[in-house]
Amino acid sequence: AQTVTQSQPEMSVQEAETVTLSCTYDTSESDYYLFWYKQPPSRQMILVIRQEAYKQQNATENRFSVNFQKAAKSFSLKISDSQLGDAAMYFCAYIREYGNKLVFGAGTILRVKS
Amino acid sequence: EPEVTQTPSHQVTQMGQEVILRCVPISNHLYFYWYRQILGQKVEFLVSFYNNEISEKSEIFDDQFSVERPDGSNFTLKIRSTKLEDSAMYFCASRTDRGTFTGELFFGEGSRLTVL
């Protein structure tokens, strides 16, 4: 069974600084997709960034980028120029290609200090 | 922008009562899900639904739970006889995958269930 591990229950970052959230996963599949979802206090989970395993290039969305290391099964999220609105719970998630179920990690609470 | 909507946002019920949580997925989506998040904890998969039937369910989704798509737009989760441990946030999600598989799920804002 696929598992997703987020080893940092909580992280803090100063406004305008950079923070990296860690995620590792376990799978025997070669084709899959990885996601970072953000869950602010308003509760709804919002997609931050997606990475296809077949792509070597790391995904980037504005201030958000990932470091995808397929051999190491590692998928970290880097947030640059952190803003107060980035404060949220961040979930790493996995789905195999043509899979049915998205599997989540335990989440990392990110606090942003002004 | 299309979104997944859920009602109610918060429901308080007595142990043993039946609860129905409602969701309206995005209209052209084909796959529907319920996930559960006990306060501050992991988001857990409950069930997936495709082509008017359950495609996968977790160990949590026992006989007390059922899902239905009664009218082609709503997607409901019913808990027949609630227990204290059913207190959680329940998220509905949907995805399309017409054509290219993306795997991305679109989530609703959640329904908080409190069982007393």
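Described below are features of the structure shown in this document. (Residues numbered from 1 in each chain as written. Chains lettered and ligands numbered in written order. Predicted model: local features only at pLDDT ≥ 70, side-chain atom pairs only at ≥ 80, totals over all residues. Heavy atoms only, no water.)

1. A word on the environment of Ser12(A)
Residues and elements named next belong to chain A.
- Inspection of the secondary structure assignment puts Ser12 in strand E2 (residues 10–14).
- In sequence terms Ser12 and Ala87 are 75 residues apart; their C-alpha atoms lie 9.0 Å from each other.
- Non-local contacts of Ser12, meaning those with residues more than four positions away in its chain, are made with Arg111 and Lys113. (Helix = DSSP H or I, 4+ residues; strand = E, 2+ residues; numbered from the N terminus. Contact = heavy atoms within 4.5 Å.)

2. Some words on the side chain of Ser65(A)
Residues and elements named next belong to chain A.
- Following the sequence through the fold, Ser65 ends up in strand E8 (residues 64–69).
- According to the relative accessible area criterion, Ser65 is buried, its value standing at 17%.
- Apart from the residues within four sequence positions on either side, Ser65 is in contact with Ile49, Ala59, Thr60, Ser76, Leu77 and Lys78. (Buried < 20%, exposed > 50% of the residue type's maximum accessible area, 1.4 Å probe, protein only.)

3. Section: the sheet that holds strand E7 (residues 65–68) of chain B
All names here are of chain B.
- Read across the sheet, four strands follow the order E1-E3-E8-E7 without closing on themselves; strand pairing throughout is antiparallel. Of all the strands in the sheet, just strand E1 (5–7) and E7 have a single pairing partner and so form its edges. Along the sheet, successive strands turn relative to each other by an average axial angle of 15 degrees, direction set aside.
- Both E7 and strand E8 (residues 75–79) contribute to a ladder of four bridges, which runs antiparallel. Residue pairing for E8: Val67 is matched across the bridge by Leu77. (Pairing = 2+ DSSP bridges. Axes fitted to C-alpha atoms, helices over the stretch in contact; angles between N-to-C directions.)

4. Observations regarding the state of the cysteines
All names here are of chain B.
- Under the counting rule described, the total for this entry stands at two disulfides over all chains.
- A sulfur-sulfur distance of 1.9 Å marks the disulfide that ties Cys23 to Cys92. Disulfide Cys23 to Cys92: torsion about the S-S bond roughly -65 degrees, handedness left-handed. Taken together, the residues Cys23 in strand E3 (residues 19–24) and Cys92 in strand E9 (residues 88–95) connect sequence positions 69 residues apart. (Disulfide = S-S within 2.5 Å.)

5. Here's the deal with the interface of chain A and chain B
- Chain A puts 23 residues into the contact, and the matching count from chain B is 26 residues.
- Here chain A packs against chain B, burying approximately 2,000 Å² in sum over the two surfaces, 53% of which is carbon and sulfur.
- Viewed at the interface, chain B and chain A are joined by eleven residue pairs in polar contact (both at pLDDT 80 or more).
- Looking at the side of chain A that touches chain B, the elements with two or more residues in it are strand E5 (32–39), strand E6 (46–52) and strand E10 (88–96) of chain A.
- Here the residues of the side of chain A that touches chain B sort into 13 nonpolar, five polar and five charged. (Buried area = accessible area lost by both parts, 1.4 Å probe. Polar contact = N/O pair within 3.5 Å; in protein donor to acceptor, adjacent residues only side chain to side chain. Nonpolar A, V, L, I, M, F, W, Y, C, P; charged D, E, K, R; others polar.)

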